[in-house]
Amino acid sequence: MRIADIALWPEEAFNESLFPGILYDRLGLKKDDSLRVVPVKRSIDARGKKVCVRFQCEIYDASEAPPVLAMHHEYPDVTNRPTVIVVGCGPAGLFAALKLISLGYKPVIFERGKDVQARRRDLAAINKEHLVNPESNYCFGEGGAGTYSDGKLYTRSKKRGDIRKVLETLVAHGARPDILFDAHPHIGTNKLPRLVAELRQTILDHGGEIHFNTKVTGFIIESERIVGVEISSGAKIHGEGVILATGHSARDIFSLLHRQNILIEAKAFALGLRVEHSQNLIDRIQYHCPVDRGPWLPASSYSLVHQSFVNGRERGVFSFCMCPGGFIVPSATAPGEVVVNGMSPSRRDSVFANSGIVVAVDENDFSRYQDQGALAGLAFQSGIERMACALAGGSQKAPAARLVDFVEGKVSAELLPTSYQPGLASVDMKQVLPDFIYEALRRAFREFGKKMKGYYTNDAQVVGVESRTSSPVKIPRDRETMEHPQIKGLFPCGEGAGYAGGIMSAAMDGERCAEALVRQLALRY
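Residues numbered from 1 in each chain as written. Predicted model: local features only at pLDDT ≥ 70, side-chain atom pairs only at ≥ 80, totals over all residues. Heavy atoms only, no water.

Draft legend 1. Highlighting the packing of aromatic side chains. One pass over the full model with this rule turns up nine aromatic pairs. Ring centres 6.4 Å apart and planes at 70° place the aromatic pair Phe269 and Phe380 in the edge-to-face group. Note that Phe269 is positioned in strand E12 (residues 269-278) and Phe380 in helix H9 (residues 376-391), a separation of 111 residues in sequence. Classification of Phe269 as buried rests on a relative accessible area of 5%. (Phe/Tyr/Trp six-rings, centres within 6.5 Å; stacked < 30°, edge-to-face > 60°. Helix = DSSP H or I, 4+ residues; strand = E, 2+ residues; numbered from the N terminus. Buried < 20%, exposed > 50% of the residue type's maximum accessible area, 1.4 Å probe, protein only.)

So this is what it looks like as structure tokens:
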């Protein structure tokens, strides 16, 4: 095997019918089945005057070439095997369940929300009727918040698990093979529901159980060991252990842990707004093209960071979950609050680009809620979401302002067209956000305009609030055993526990928690 690097023009790299022949030709190889070329990395290089696409390829003799999917996804039947309870059916819960099956244990998943198909009706109700179902929304339901999000599959968590294995599992369940080598792999919110349903079917086919519309309402603790859970029907379900993978918005679970005196901690997070530009503007900035990106290049993205000096201290301000060719969606989990997030379809073909622009928040910032103990950050977060709802009229309309107006402290006389279906309300954004967040954002947006010429414009607008960037609560666990330090058999997992940030890191954390739980069971028995 040898490695080769080549650069292709976008019309060569993204033309699926021409790409294989061009690839072999540029590498100087005959396409006669004697050699096989395997792309292992693809990235867009926009540094020069003309954008190109760079590939790193592995070249094998045909007889030695590895299969596209190196992992074997053969699972045993665990119908009659010992039970492990998994709370939450997001990426962490689903991948924990698959790992448990591979290790010979029966996962029983409890998910408060609905399956992906039934969940669509509740999403339509939020967008069209402004009705928020607290159990089924953009955060709760099969696949978790990731199902109806951008579907990004890249992570900086290189040490948390086997990235390739997770990607191959997704391909085996219907994702496009190019996620295996794309530098920034992405599935798209329109493709994720079917993929999630396929993951579900694998779990069910091999003896696992998934119970939708079933909320966990209590933890059964005996001699400082969790032995099961109580569910919304009143039934008590016992298992060998519990993987708690409820996601960053399961506030009732945080409150339940607090009430049952199970140790949790307040955690730093980030909060701000979502900014929306025309995708064409972002393309012209990033690809330095005079008119548009053309038919072959994908919608461009960006990543921005700035340190704003506010009230005598530096505040990190950064872009979060940038969604090229995407939409802003309502992500509230209860009536009376407004929360926004972003998502992109697989083709990323919306005329809008949006990104969270958020400010780092730490425990000193929510000290006035110290009477809430470990729930202080949650109270701070919730208060801003309720204020956003009230100022925008009490529905799912979101408070908004044109970008330059926001920075100059003005209420916009007129707002721009938006991808946010429930609609926008022009308000004084200084009333929505705490002073330090508002000031940090104002300074950062001016600097971002210097880094990306044309970014700082009144032809863009900010929409509030982007508040669910990560969990405001951490559920502690031992670094080695991954078990809760106080309650044996409880394995805090994924974003909700404070150990992941996105689909990939959550999936890998789910696998690690399952492996850790099984190791602990082996020591017990």
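Past the structure itself, the notes keep going.
Draft legend 2. Focus on the packing of helix H3 (residues 91-102) against helix H13 (residues 503-524). Where H3 contacts H13, the axes come no closer than 7 Å and their chain directions differ by 40°. Relative to H13, H3 is oriented oblique. The handedness of the crossing between H3 and H13 comes out as right-handed. Between H3, through Pro91, Ala92, Phe95, Ala96, Lys99 and Leu100, and H13, the contact on the second element is made entirely by Ile503, Ala506, Ala507, Gly510, Glu511, Ala514, Glu515 and Val518. (Axes fitted to C-alpha atoms, helices over the stretch in contact; angles between N-to-C directions. Parallel < 35°, antiparallel > 145°, perpendicular 65-115°, else oblique. Left-handed = near helix turned anticlockwise from the far one by under 90°. Contact = heavy atoms within 4.5 Å.)

Draft legend 3. Region of interest: the side chain of Thr457. Within the element layout of this structure, Thr457 appears in the loop between helix H11 (435-451) and strand E20 (461-466). For Thr457, the side chain forms a polar contact with the main-chain nitrogen of Asp459, separated by 3.0 Å. Apart from the residues lying within four places of it in its own chain, the contact partners of Thr457 are His277, Leu281, Leu403 and Val404. (Polar contact = N/O pair within 3.5 Å; in protein donor to acceptor, adjacent residues only side chain to side chain.)

Draft legend 4. Structural view of the nonpolar core. Within the largest apolar cluster, 57 residues are counted, with the highest numbers of intra-cluster contacts made by Phe380, Phe406, Leu433, Ile437, Leu441, Phe445 and Tyr455. Top element by residues in this core is H11. It accounts for eight residues. By size, the runner-up hydrophobic cluster in this structure holds 55 residues, among which are Val84, Leu170, Ile203 and Ala516. (Core = buried A, V, L, I, M, F, W, Y, C linked by side-chain atoms within 4.5 Å.)

Draft legend 5. Spotlight on the state of the cysteines. Enumeration according to the criterion identifies zero disulfides in this entry. For the unlinked cysteine Cys139, the closest cysteine sulfur is that of Cys321, found at 12 Å. Here Cys139 falls in the buried class, since its relative accessible area comes to 10%. Cys493 supplies the cysteine sulfur nearest to Cys513, a cysteine that is in no disulfide, at a spacing of 3.7 Å. Taking the relative accessible area as the measure of exposure, Cys513 reaches 0% and is therefore buried. (Disulfide = S-S within 2.5 Å.)

Draft legend 6. Spatial organisation of helix H7 (residues 251-259). Turning to H7, its buried residues are Arg251, Ile253, Phe254, Leu256 and Leu257. Contacts from the buried residues of H7 go to strand E7 (216-222), strand E10 (242-244), H9, strand E21 (473-474) and helix H12 (494-497). Asn261, located one to two residues past H7, shows a positive phi value of around 55°.

Draft legend 7. Looking closely at the sheet that holds strand E5 (residues 106-110). With parallel pairing, the five strands of this open sheet are ordered in space as E6-E5-E4-E10-E22. The two strands at the open ends of the sheet, each matched to only one other strand, are strand E6 (209-211) and strand E22 (490-492). Between one strand axis and the next, the sheet turns by 20° as a mean value, whatever way the strands run. As paired elements, strand E4 (residues 83-87) and E5 share five bridges and run parallel to each other. Pairing of Val84 across the sheet is with Pro107, part of E5. Contacting E4, E5 and E10, H3 crosses the sheet at an angle of about 160° to E5. The strands touched by H13 within the sheet are E4, E10 and E22, with E22 carrying the most contacts at an inclination of about 160°. (Pairing = 2+ DSSP bridges.)

Draft legend 8. Summary view of helix H4 (residues 116-129). With 14 residues, H4 ought to run about 20 Å at 1.5 Å a step, and its terminal C-alpha atoms sit 20 Å apart, in line with that. Considered for burial, the residues of H4 that qualify are Val116, Ala118, Arg119, Asp122, Leu123, Ala125, Ile126 and Asn127. Of the surrounding secondary structure, the elements contacted by the buried residues of H4 are helix H6 (192-205) and strand E15 (327-330). Capping the start of H4, Asp115 holds a side-chain oxygen 2.9 Å from the backbone nitrogen of Gln117, two or three residues further along. In the segment just after H4, His130 is the residue with positive phi, at about 65°. (Expected span 1.5 Å × (residues − 1).)

Draft legend 9. Highlighting the pairing of E20. Among the six residues in E20, six count as buried, and that is most of the element. Where strand E18 (residues 398-402) and E20 come together, three bridges link them in antiparallel fashion. Looking at E20, one finds that Ala401 is bridged to Val462.

Draft legend 10. Local environment of the environment of Gly188. With respect to the secondary-structure elements, Gly188 resides in the loop between helix H5 (163-172) and H6. Relative accessible area serves as the criterion here: at 0%, Gly188 is assigned to the buried category. Along the sequence, Gly188 and Ser149 sit 39 residues apart, while their C-alpha atoms lie 7.6 Å from each other.

Draft legend 11. Representation of the sheet that holds E18 within the structure. Read from one edge of the open sheet, seven strands run E13-E14-E17-E12-E20-E18-E19, paired in mixed fashion. Strand pairing shows two members of the sheet lacking a second neighbour, strand E13 (305-310) and strand E19 (424-426), which therefore form its edges. Neighbouring strand axes in the sheet, compared pairwise and without regard to direction, differ in orientation by 35° on average. Where H9 meets the sheet, its contacts fall on E12, strand E17 (352-361), E18 and E20, and the angle it forms with E12 comes to roughly 35°.

Draft legend 12. Molecular detail of unusual backbone geometry. Cis rather than trans, the peptide bond between Gly464 and Val465 has omega equal to -5°. Mapped onto the elements of the fold, Val465 is located in strand E20. For Asn213, which is not glycine, the phi torsion reads 55° and is therefore positive. Tracing the backbone shows Asn213 in the loop between E6 and E7. Even without being a glycine, Glu224 presents a positive backbone phi close to 60°. In this fold, Glu224 is placed in the loop between E7 and strand E8 (225-231). Exposure remark for Glu224: the relative accessible area of 53% places this residue in the exposed category.

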